[in-house]
Amino acid sequence: HIGCLLDLGAQVVVMTATMPPPLEEELLSRCEELGHSYKVVNSADLPSRGRIKEVCIKDENLPASREGLCQVLKEVINEKPRLLIVTNKVSKAVAIYRQLIALRREGHLSKEVNVLLLHSRLRRAEREHREGLLEKVGQRDEPLVLVATQVIEAGLDYDFRALITELSPIDSLIQRVGRVARRQGTEGLVVIFTDEGASRGVYPDELMKISRKVVERNRELIARAAYEVSISSQLLGQVYTHELVNHLIERARIERVVRKIREFAEKISTQLAHARLNTAVRQHLLRLGLEVKCYVLSQGEVKQILKELLDTGEATLSLSGERLMKLRGNIVSLSIARMPGAPPEIPAAVVHELKGRRVIIVLEVIGKDRGRLALRARAYDAMPDKLVRYLTSEGPLLLLNPSYYEEENGVELGVVR
């Protein structure tokens, strides 16, 4: 894609603090092949931020039990904590959040401490609300414990003083460490739990084994990588070797996808003037996974839709006023893996029971005018090919099964399972 942009006369800047050396080599060699000039600028300046005084490595699993959490908190928490806890899975984050709320209720954690939960499977409106709360708490310098997943790795500017995290790939880990001691003159503490089981099913095992070795023998460099680009690149180079990258490509069976993307990019500059074929299905070239956008409605509203589907075969929703304004905020995204040549696994959270049938319910826009939007709901058998068809076409939403959107004591936990 960069080669295509250069062919079209664009000037391109690639800028990152976590550049794997094999990727840089690939970019430069491709530029040379295509006859384009380039310049590599290595940043030598250091940001104005604090320092991480200690990185502690624990060869165990981050506990989610009350007793285990109490012990961990004693080691890192002070009278006015600004603590970030990061897990690799939503279910683990929710389990820890629940225990922290219980500890605060029982007096083991000060009642003045704000305890927040943040992950990607919350309604958009709720996630944005919590990000706003986080900003306000930071401005008022109030004590906080934030339990989160990978969503905090970028775009979150809050000055945490301590981080407790599960092991993740080295580039991801550097981003997590970068959330700590962001203000000049501050100091931070990082505790990394290196049990590889916490990342199983999220990150490739081979990547985690190498990342663990690099972390264990470079704890001092981990502390500096958050603000020294050269150190960050050095650590990434130890993990993302040519051998590992080629192995991961082969293991994921994506050679065909990579070849298809390359062919597409190389031809696009000569094909821009041609009309695009009007295909019914858009194919995602760059994603091995699918993003499922779901509309969150109450149990009563979903029950009414299911009744209409049984009676007439389709149901209609008319959104106006406040309901229309809340449409975007009531969407939650689920990510599911899809390996080349294999059907995706349908998330149980989008499956409904309709008179003994397992169905997915697709919502499509059928009418739009000033201040009003009409949606039509139709049910389709919950089959992988049906899911792919409606996720790669334009516009539809899936209706979330409301029993999978959890709340506890008036607080939304999101899609946990």
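Throughout this description, residue numbers start from 1 for each chain and increase along the sequence as written. Side-chain atom pairs in this predicted model are given and counted only at pLDDT of 80 or more, local residue features only at pLDDT of at least 70, and totals for whole chains, interfaces and linings cover all residues. Hydrogen atoms and water are omitted, and side-chain values are computed over all heavy atoms in the structure.

K.L.:
Now, about the pairing of strand β8 (residues 315-320): what can you tell me, with residues and values included?
P.N.:
Remark: exposure states derive from per-residue accessible area (1.4 Å probe, protein chains only) relative to the maximum for the residue type, with buried under 20%, exposed over 50%, and partly exposed in between. We count a stretch as a helix when DSSP gives it H or I for four or more residues in a row; a strand needs E for two or more, and each element gets its number in order from the N terminus. Of the two faces of β8, only the one carrying A315, L317 and L319 is buried; T316, S318 and S320 on the other face are not. Here β8 pairs with strand β12 (residues 372-381) via six bridges, running antiparallel. Within the sheet, the bridge partner assigned to L317 lies in β12 and is L375. Should DSSP find at least two bridges between two strands, the strands are taken to pair.

K.L.:
Run through the environment of V177, naming residues and quoting values.
P.N.:
With respect to the helices and strands, the residue V177 is situated in helix α6 (residues 170-177). Between the alpha carbons of V177 and I268 there is a distance of 39 Å; along the sequence they are 91 residues apart.

K.L.:
Which residues make up helix α12 (residues 299-312), and what values do they have?
P.N.:
Here α12 contains 14 residues, and its C-alpha end-to-end distance of 20 Å stays within 8% of the 20 Å for a straight helix at 1.5 Å per residue. When we look at burial in α12, the residues that qualify are V302, I305, L306 and L309. Angular distribution of buried residues about the axis of α12 spans 100°; they occupy a single face of the element. The exposed set on the far side of α12, more than 90 degrees from its buried face, consists of K303, D311 and T312. Throughout, a residue-residue contact means that at least one pair of heavy atoms, one from each residue, lies within 4.5 Å. Buried residues belonging to α12 abut β8, β10 (352-354), β11 (357-369), β12 and β13 (397-399). Once α12 finishes, G313 follows within two positions and takes phi at roughly 90°, a positive value. In this scheme, a helix's expected span is set at 1.5 Å multiplied by one less than its residue total. The arc in question is traced by the directions running from the helix axis to the C-beta atoms.

K.L.:
Before we move on, could you go through the nonpolar core and cite the residues and values that matter?
P.N.:
Here, nonpolar core means buried Ala, Val, Leu, Ile, Met, Phe, Trp, Tyr and Cys residues that are tied together by side-chain atoms lying within 4.5 Å of each other. Counting residues in hydrophobic clusters, the biggest one holds 44 residues, and the most contacted among them are L146, I170, I192 and L235. Not counting residues up to four positions away in its chain, the partners in contact with L146 are L83, L84, I85, L116, L117, L118, L134, I152, L156 and F160. Counting residues in hydrophobic clusters, the runner-up holds 29 residues, among them L73, L103, L117 and F193.

K.L.:
Give me the side chain of T87: which residues, what numbers.
P.N.:
Within the fold, T87 resides in the loop between β2 (82-86) and α4 (90-105). Two N or O atoms count as a polar contact when they lie within 3.5 Å, although within protein this holds only if one can serve as hydrogen donor and the other as acceptor, and sequence-adjacent residues are included solely when both atoms are side-chain atoms. Looking at T87, its side chain comes within polar contact range of the main-chain oxygen of K89, at 3.0 Å.

K.L.:
Residue-level account of a nonpolar patch on the surface, with values.
P.N.:
Taken together, the side chains of L5, V12 and V14 present a nonpolar region at the surface, about 220 Å² in accessible area. Checked against the element boundaries, V14 lands in the loop between α1 (2-7) and α2 (21-34). Judged by relative accessible area, V14 falls into the partly exposed class, the value being 47%. Like-charged residues are merged into a patch within 9 Å and nonpolar side chains (Val, Leu, Ile, Met, Phe, Trp, Tyr) within 5 Å, provided each residue has over 30% relative accessible area and no salt bridge. Where accessible areas are quoted, they stem from the Shrake-Rupley method and a 1.4 Å probe; at the residue level, only the protein chains shown are allowed to cover. Salt bridge, as used here: a side-chain nitrogen of Lys or Arg that lies within 4 Å of a carboxyl oxygen of Asp or Glu.

K.L.:
Account for the sheet that holds strand β6 (residues 187-193), with residues named and values stated.
P.N.:
Strand order in this open sheet of six strands is β1-β6-β5-β2-β4-β3, and the pairing throughout is parallel. Pairing within the sheet leaves two strands with one partner each, and these edge strands are β1 (51-58) and β3 (114-118). For this sheet the average axis-to-axis angle between neighbouring strands, irrespective of direction, equals 15°. In terms of strand pairing, β2 meets strand β4 (residues 144-148) through five bridges, oriented parallel. If you follow I85 over to β4, its bridge partner there is V147. Here an axis means a line fitted to C-alpha atoms, over the contact stretch when the element is a helix, while the angle between two N-to-C directions is reported on a 0 to 180 degree scale. Strands in contact with α4 are β2, β3, β4 and β5 (162-166); relative to β3, the strand with the most contacts, it is inclined by about 165°.

K.L.:
Give a description of the side chain of R212 that names residues and reports values.
P.N.:
Residue position: R212 is located in helix α7 (residues 205-217). On the accessibility criterion, R212 (16% relative accessible area) is buried. If sequence neighbours within four positions are ignored, R212 has contacts with D59, L167, T194, D195 and E196.

K.L.:
For α2, give the residues involved together with the corresponding values.
P.N.:
Taking 1.5 Å of rise per residue, 14 residues should cover 20 Å, and α2 covers 20 Å from first to last C-alpha, within 8% of that figure. The first or second residue beyond α2 is G35, which carries a positive phi of 75°.

K.L.:
Any details on the packing of α6 against helix α9 (residues 229-239)? Residues and values, ideally.
P.N.:
One can describe the packing of α6 onto α9 by two numbers: an axis separation of 9 Å at closest approach and a directional angle of 150°. Of the possible angle classes, the one that applies to α6 and α9 is roughly antiparallel. Touching I170, D171 and I174 of α6 are S232, L235, L236 and V239, all from α9. Side-chain classes are defined by residue name, with Ala, Val, Leu, Ile, Met, Phe, Trp, Tyr, Cys and Pro counting as nonpolar, Asp, Glu, Lys and Arg as charged, and the others, Gly among them, as polar. Among the residues making up the contact of α6 with α9, the classes are represented as five nonpolar, one polar and one charged. The labels follow the angle: roughly parallel below 35 degrees, roughly antiparallel above 145, roughly perpendicular from 65 to 115, and oblique for the rest.

K.L.:
Kindly report on the confidence of the model for the protein chain, identifying the contributing residues and their values.
P.N.:
Detailed reading of the predicted coordinates is not advisable wherever pLDDT falls low. The pLDDT value expresses, per residue, how confident the predictor is, ranging between 0 and 100. Here the protein chain averages 87 in pLDDT, while 93% of its residues score no lower than 70. When pLDDT is averaged over each helix and strand of the protein chain, the minimum, 70, is found for helix α14 (residues 384-391) and the maximum, 97, for strand β15 (residues 411-415). For residues 278-282, every residue scores under 50 in pLDDT, and the model assigns this stretch six contacts once sequence neighbours within four places are set aside.

K.L.:
Summarise the packing of aromatic side chains; cite the residues concerned and give the values.
P.N.:
Here the aromatic set is Phe, Tyr and Trp, taking the six-membered ring for Trp, and pairing holds for ring centres within 6.5 Å; pairs whose planes are under 30 degrees apart are stacked, those over 60 apart are edge-to-face, and all others are tilted. One pass over the structure, following the stated rule, counts one aromatic pair. The interplanar angle of 50° and the centroid separation of 4.4 Å between the aromatic rings of Y158 and F160 together place this pair among those described as tilted. Of the two residues examined, Y158 and F160, each falls in the buried class. A cation over an aromatic ring shows up here: R51 above the ring of Y227, its NZ or CZ 4.0 Å from the ring centre. Charge over a ring is defined by NZ of Lys or CZ of Arg lying within 6 Å of the ring centre and within 35 degrees of the ring normal. Over the face of the ring belonging to Y404 we find R417, whose NZ or CZ atom lies 4.3 Å from the ring centre.

K.L.:
Could you give an account of the environment of A181, naming the residues involved and the relevant values?
P.N.:
Its place among the elements puts A181 in the loop between α6 and β6. When the C-alpha atoms of A181 and N61 are compared, they prove to be 25 Å apart, with 120 residues separating the residues in sequence. Once residues lying within four places of it in the same chain are set aside, the contact partners of A181 are R49, G50, R51, D159, F160, T186, E187 and G188.

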